[in-house]
Amino acid sequence: WPSPTPRATTEVFYVFKGHACVTDLDGTRHFFGPGDLVILPKGWSGRWDVLQDVHKVWVVTEHADVQGSTSAIIKQYNTFSPHELLSSGVRADASHGSPATASDTYLDNGHMSVGSWTCSPGSFPVSQRSTTEAFHVLE
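Cut-offs and rules
- Residues numbered from 1 in each chain as written.
- Predicted model: local features only at pLDDT ≥ 70, side-chain atom pairs only at ≥ 80, totals over all residues.
- Heavy atoms only, no water.
- Helix = DSSP H or I, 4+ residues; strand = E, 2+ residues; numbered from the N terminus.
- Buried < 20%, exposed > 50% of the residue type's maximum accessible area, 1.4 Å probe, protein only.
- Contact = heavy atoms within 4.5 Å.
- Areas by Shrake-Rupley, 256 points an atom, 1.4 Å probe, with all protein chains shown as cover.
- Pairing = 2+ DSSP bridges.
- Axes fitted to C-alpha atoms, helices over the stretch in contact; angles between N-to-C directions.
- pLDDT = per-residue confidence, 0-100.
- Salt bridge = Lys/Arg side-chain N within 4 Å of Asp/Glu carboxyl O.

**Side note on the overall build of the protein**
Part 1 of the reasoning: Scanning the protein for helices and strands turns up zero helices and 13 strands.
Part 2 of the reasoning: Dimensions of the protein along its principal axes, counting C-alpha atoms only, are 50 × 30 × 20 Å.
Part 3 of the reasoning: Sorting the 139 residues of the protein into buried and exposed places 32% on the buried side.
Part 4 of the reasoning: Summarising the internal contacts of the protein: among those between residues at least 6 apart in sequence, 63% fall at separations of at least 24.
Part 5 of the reasoning: As displayed, the protein has an accessible area near 8,900 Å², and 52% of this comes from carbon and sulfur atoms.

**Re the sheet that holds strand β11 (residues 100-108)**
The strands that make up a sheet pair up through hydrogen bonds in the backbone, lying either parallel or antiparallel.
Part 1 of the reasoning: Judged by pairing direction, the sheet is antiparallel, and its three strands sit side by side in the order β9-β11-β12 without closing on themselves. The sheet is open, and its two borders are formed by β9 (86-90) and β12 (113-119), each paired with just one other strand. Mean inter-strand twist for the sheet, computed between neighbouring axes without regard to direction, equals 25 degrees.

**A closer look at the environment of Gly46**
Part 1 of the reasoning: Within the element layout of this structure, Gly46 appears in strand β6 (residues 46-50).
Part 2 of the reasoning: Among residues more than four places away in sequence, those in contact with Gly46 are Pro2, Ser3, Pro4, Thr23, Asp24 and Leu25.

**Some thoughts on the confidence of the model for the protein**
Part 1 of the reasoning: In this model, the protein carries an average pLDDT of 92, and 99% of its residues clear a pLDDT of 70 or more.
Part 2 of the reasoning: Across the protein, the secondary-structure element scoring lowest on mean pLDDT is strand β1 (residues 2-3), at 78, and the one scoring highest is strand β4 (residues 29-32), at 98.

**A closer look at the pattern of salt bridges**
Part 1 of the reasoning: In this structure the tally under the stated criterion is five salt bridges.
Part 2 of the reasoning: The shortest N-O distance in the salt bridge between Asp65 and Lys42 comes to 2.9 Å. Of this pair, Asp65 sits in the loop between β7 (55-61) and β8 (73-75) while Lys42 sits in the loop between β5 (37-40) and β6; the two residues are 23 residues apart in sequence, bridging distant segments of the chain.
Part 3 of the reasoning: With its nearest N and O atoms 3.1 Å apart, the salt bridge here joins Asp49 to Arg47.
Part 4 of the reasoning: The structure contains a network of salt bridges with shared partners spanning Arg7, Glu11 and Lys56.

Below is the structure:
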């Protein structure tokens, strides 16, 4: 179905099941399926084609307008692998074990950021944050 009105929000979702495609206004097609992360930035418009029933978990964020690309962003599950992420090494503030972390950021528009993060077993303190954080555990 066409989605010609530019999005008023940014939507981020993780696909559990099904296959679909979003097409940017310039005709760029973005296919996605199980395990993929999809980001539709504020201002995105185009077309949705659901090829198989889609089951997803999603977050929608309202924020001020930002400059930059409004193209859909699709990250396949294999890009979340620790060897695909930027290693930060073992946390210096570890209180138990040797938790090593790695991450990558796929969208950072000044109002929200979306990425993936991995951590080996261990413990570390978490200070009070001025922002809200949401995450979905994949494994």
